[in-house]
Amino acid sequence: MRRLAAVRPRLVSFARLHLRNQATAEDAVQDALEAAIEKSDSFSGRSNYETWVFGILKHKILDIMRAQKRHGQWQPLEDENDDDAIDRQFQQSGRWQVAARPASWGEPEAVFENERFWQVFDACMIVLPDTLARVFSLRELMGLSTEQICQELAIKESNCWVILHRARLRLRSCIEQGWLTGDAI
C-alpha cells in the first residue's frame, strides 16, 4: 500500500497529461490502483513495481481516450509552430550549430537510476506544450507505435514525426538545463 501511495503523484501527473482533465485523471488513477491491489498476486517482479502499475494505468488511459473519441468528447491536438526555434539549432548542412550540440549526460544506466534525473524529467514533461508531451509520452513512455498514435489522435504520420522531433529537442534542452547545469526549471 505504501508503494502505491508513493507512486500516486506521478500516476496522476501522467494521466492528467493525456486526459487533460483533473477529475478524469484521478478516476483513471483510482481504477489503476484498484486493479493493482486486486491483481497484486499477479505481479511477478520481472519489472519494477512502479513500471507494472504504470502499465495498468496506460491501458486505463487508452480505454478512456477511446471512449472519449466514441462519445465525441475528444479534444484534438492543437498544431504548434515553432519551426524557427528548431531551425536555429541547425546549420544549412543539417549539422548542429556549435552552441546547440547535445551535451554528454554521462553513463545512461547511472543516469536512469538517479532520482534527481527523474525529478528533472518530470518537471520538463510538465512544461512541455500539451501536444508535444502527449505524443512523446504515447510513443516513448507508453510504447505505442507511430501508426497507433496517429489512429488514437487522428493525426498524420508526418505530423507525428515532426511533433516527436520537437518534443525530443525541447526535452533535451530542458533536461540539460536542469540536470547538467542544475538550474531551476
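Provided above is the structure to which this section pertains.
It should be emphasised that the depicted structure is a prediction, and the values quoted were computed from it without experimental measurement.

Below, the discussion takes up the environment of Asp63. Counting through the fold element by element, Asp63 comes out in helix H3 (residues 49-70). A C-alpha to C-alpha distance of 9.5 Å links Asp63 and Ala28, two positions 35 residues apart in sequence.

This part takes up helix H8 (residues 146-153). Every buried residue belonging to H8 is among Thr146, Ile149, Cys150, Glu152 and Leu153, and all of these are buried. Within H8, the buried residues cover an arc of 165° as seen down the axis, which keeps them to one side. Opposite the packed face of H8, turned more than 90 degrees from it, sit the exposed residues Glu147 and Gln151. Ala154 occupies a position one or two residues after H8 and carries a positive phi of about 55°.

Here we take up the packing of helix H1 (residues 2-19) against H3. Between two packed helices, both the angle of their axes relative to each other and the distance between the axes serve to describe the pair. Taken N-terminus to C-terminus, the directions of H1 and H3 make an angle of 30°; their axes are 10 Å apart at the nearest point. When the axes of H1 and H3 are compared, the pair comes out roughly parallel. Note on packing geometry: the crossing formed by H1 with H3 is right-handed. Residues Arg3, Leu4, Val7, Arg10, Leu11, Phe14, Ala15, His18 and Leu19 of H1 lie in contact with H3, whose contacting residues are Tyr49, Glu50, Val53, Phe54, Leu57, Ile61, Ile64, Met65 and Gln68. Looking at side-chain class alone, the contact of H1 with H3 contains 13 nonpolar, 2 polar and 3 charged residues.

What follows concerns the side chain of Ser137. Considering the arrangement of structural elements, one finds Ser137 in helix H7 (residues 130-141). Ser137 gets classed as buried once you look at its relative accessible area, which sits at 0%. When neighbours within four sequence positions are excluded, Ser137 is seen to be in contact with Phe14, Leu17, His18, Met125 and Met142.

This part takes up the pattern of salt bridges. All chains considered together, the criterion is met by 2 salt bridges. Ionic pairing is found between Arg8 and Glu26, a salt bridge with its closest N-O pair at 2.5 Å. With a gap of 18 residues between them, Arg8 in helix H1 and Glu26 in helix H2 (residues 22-38) connect regions that are remote in the sequence. Relative accessible area serves as the criterion here: at 24%, Glu26 is assigned to the partly exposed category. Note that Glu140 is salt-bridged to Arg168, the shortest N-O span being 2.3 Å. Here Glu140 is found in helix H7, whereas its partner Arg168 is found in helix H9 (residues 157-180), with 28 residues between them in sequence.

Here is what the cut-offs are and how they apply
- Residues numbered from 1 in each chain as written.
- Predicted model: local features only at pLDDT ≥ 70, side-chain atom pairs only at ≥ 80, totals over all residues.
- Heavy atoms only, no water.
- Helix = DSSP H or I, 4+ residues; strand = E, 2+ residues; numbered from the N terminus.
- Buried < 20%, exposed > 50% of the residue type's maximum accessible area, 1.4 Å probe, protein only.
- Arc of directions from axis to C-beta.
- Axes fitted to C-alpha atoms, helices over the stretch in contact; angles between N-to-C directions.
- Parallel < 35°, antiparallel > 145°, perpendicular 65-115°, else oblique.
- Left-handed = near helix turned anticlockwise from the far one by under 90°.
- Contact = heavy atoms within 4.5 Å.
- Nonpolar A, V, L, I, M, F, W, Y, C, P; charged D, E, K, R; others polar.
- Salt bridge = Lys/Arg side-chain N within 4 Å of Asp/Glu carboxyl O.

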